[in-house]
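Chain residues, written in single-letter form:
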Amino acid sequence: MDRFEYSTSNLQPNESYILRSYNIKLYDGDNKTLFENGELILTSHRLIWFLPGSNNYLSLYLKYIVYIEEEKPNVFMFSKSKRLNLYLIEPPKIRPPGPVSISSFNFIKLSFKDKLDIEFVNALNNVVQQKKWETVELVQKTDVKPPIKFRTGIVGIERSLEEKQKATNESISVAFQDLNKLMLMAKDMVDLSKNISTKIKDKQGDITDDETIKFKSYLLSLGVEDPVTRDTFQSDSEYFTQLANEICRIIEKPINEVSGIMVLTDVYCRVNRARGLELLSPQDFLSACKMMEKLKLPIVLRQFDSGVKVLQLASQSDEVIVDYIQSLLIQSTFLTAENLAKILDIPVILAKERLIIVEKFSKACRDESIEGLRFYPNKFLEDLYAFCFFFLLPMNSINFETEKQYSPSQWCSRHRRSDKVEQNHIENVTKLSQDVKNKFQCESNILFYQYQNPFSVSLDTIMTEMEELVEFLLEIGNARNWSSLWLGGHSAGAHLAASILCCNLRFSISGFILISGIYDLRPLINTSFNAALKLNDNSAKKLSPIFKFSTVLGAPFNNKILLVMGEFESPAFLEQQQRFAQEFIKIGLKIKTEIISNADHFQIVEWLNDENYSLTKIIIEMIRAES
């Protein structure tokens, strides 16, 4: 408020009326004043506030205004802003009297009664930007006529030369004084930027209003404190090395904010803006960028096949990018360059380059049509086994619903991709099996049998090998006086173990543990799996354990049998176990069936190394009871 001064309603020379607003209240910074419900007149030179019916006028010259800012409303208030903040420069030491002699604030507030007068705000911004008062002063100065010099003799000429020399000396002195002031101001600017930067980084203390004003005033002129220049180095190599480090320091934070990648032209503009007057040539900038990888800096230069050059984080490998964008593809069904650009907040040209990288890694397929270029997840790799056999079998022979029912990975909710489910399962079971071998090699006799690949041999051959394996185990057991022999299997392994139930070898086996098995192979005829199995109605029925119960009728049956399924198996797998159990019941045999809660086709065996796992306890209890 100490920039306001008392005045009259009369306009000054060359001053013109612009606009008027009503019901205005004045604030001295954040403090309320008694100047309420007044009218505010905007002229080309001033803001004039007065109370209707009063002869007291307060005027604020527009030349004092640094910038204008609409005050943001409180987060707990739902109304729009009604206040306008005017930030002001320091008042002159000698000034006319006003309502306040000294104020601790460098800004005032104009509070509008109902809502912000947008027309008045726009007009005020325009007038402040136009600075008509400066134009008037310039015209007045140019209108001043120079004094008339009369011709004189030699003495007059000498006097004139002396006056010119004196004026020149004074100009030089003033110039050096101005230069000193400029250097002092530059030092203040650097100190101010360091002070604010330190406070922001340390998050300690508040930035004062004075610092805020100065910071906003100097913001556009601030840059690198001591930019790297060629003339300070003896060799180009040293110069480019230091320049590469400087570019990294300038751009590392901004590049992290834009998904770790930035077009080279954008980087060039940012770096030169930060360097102020010490501008870089494109050649020097490119040479420095080429050295980044050699110097093992956190940012490196990259050129795509299309010719686009970028700077990107060294930690951001193609594999990381591919995995991330592939997850976005799965979530979004398909992506275009425009969609990805919005998600990652990067230019469209970079979004397209990233999608092309995903395509090169065979994780995406493109579709070019009148709708544009789209990228879809590569479904062919999700089940390469099935994909291969789609070309080996007639398409009309495949029942896709049955295919899904007998593809356990499609019923697992832990992973979005089925190939990831199977890959993780193989890794987990392999590790767990090795742990079991290492732990129990002296406490019990456990044999792990890997049957042959169904691509190379028939299922009939595999079953024959299985019978030979059981015969071999029985011989070893007799020789070593084993107290009992249990046979178990999971999924296809459960099918093989169940097949032993229907042959003479079963009489010497103590019990069977069948986990998530398939006991009727006929549904597999109309799936892609049959390309390897080569089943027909007759062979499928012959190899299905569910149709071999006639062989055990009338024969003694003392085996312990456990049938187990996970809660999250497909309906087809759950039905297979139910039907298989009913066949045992029909011929009067007792079996134990279990459904393991919260387990899918793969978890049901992955958890067996846990002593507290329900299935582990059930198996141990059955074996101990038999022993």
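Above this text is the structure in question.
Owing to the predicted nature of the structure, the values given are computational and were not obtained by experimental measurement. (Residues numbered from 1 in each chain as written. Predicted model: local features only at pLDDT ≥ 70, side-chain atom pairs only at ≥ 80, totals over all residues. Heavy atoms only, no water.)

Caption draft 1: Molecular detail of the environment of tyrosine 376. By the secondary structure assignment, tyrosine 376 is in strand β14 (residues 372-377). Beyond its immediate stretch of four places on either side in the chain, tyrosine 376 contacts Leu329, Thr333, Phe334, Lys363, Ala364, Cys365 and Asp367. (Helix = DSSP H or I, 4+ residues; strand = E, 2+ residues; numbered from the N terminus. Contact = heavy atoms within 4.5 Å.)

Caption draft 2: Looking closely at the pairing of strand β18 (residues 592-596). In this sheet, β18 lies alongside strand β17 (residues 560-566) in parallel orientation, the contact comprising five bridges. From the neighbouring strand, valine 564 faces β18, where its bridge partner is glutamate 594. As for the winding sense of the linkage, the β-α-β connection from β17 through helix α18 (residues 571-586) to β18 is right-handed. (Pairing = 2+ DSSP bridges. Right-handed = clockwise from strand over helix to strand, strands pointing away.)

Caption draft 3: Main features of the environment of phenylalanine 547. Along the chain, phenylalanine 547 turns up in the loop between α17 (537-542) and β17. Taking C-alpha positions, phenylalanine 547 is 7.9 Å from aspartate 520, a pair spaced 27 residues apart along the chain. Apart from the residues lying within four places of it in its own chain, the contact partners of phenylalanine 547 are Asp520, Arg522 and Lys541.

Caption draft 4: Focus on the packing of helix α9 (residues 337-344) against helix α10 (residues 348-360). For the pair α9 and α10, the least separation of the axes is 8 Å and the interaxial angle reads 110 degrees. In this view, α9 runs roughly perpendicular relative to α10, as classed from their interaxial angle. Between α9 and α10, the contacting residues are Ala337, Glu338, Leu340, Ala341 and Leu344 on the first element and Val348, Ala351, Lys352, Arg354 and Leu355 on the second. Partitioned by chemical class, the residues of the contact of α9 with α10 number seven nonpolar, no polar and three charged. (Axes fitted to C-alpha atoms, helices over the stretch in contact; angles between N-to-C directions. Parallel < 35°, antiparallel > 145°, perpendicular 65-115°, else oblique. Nonpolar A, V, L, I, M, F, W, Y, C, P; charged D, E, K, R; others polar.)

Caption draft 5: Region of interest: the pattern of salt bridges. In this structure the tally under the stated criterion is 20 salt bridges. Put simply, aspartate 318 and arginine 302 hold a salt bridge, and the shortest N to O gap is 2.7 Å. Taken together, the residues span a long stretch of sequence, with aspartate 318 in helix α8 (residues 318-332) and arginine 302 in strand β11 (residues 299-303) at a distance of 16 residues. Its relative accessible area of 21% is what places aspartate 318 among the partly exposed residues. Across the pair lysine 592 and glutamate 594 runs a salt bridge, and its minimum N-O distance is 3.3 Å. A relative accessible area of 35% places lysine 592 in the partly exposed class. Residue glutamate 594 is classed as partly exposed on the basis of its relative accessible area of 22%. Overlapping salt bridges, with partners in common, bring together Asp30, Glu71, Arg83 and Lys109 in one network. (Salt bridge = Lys/Arg side-chain N within 4 Å of Asp/Glu carboxyl O. Buried < 20%, exposed > 50% of the residue type's maximum accessible area, 1.4 Å probe, protein only.)

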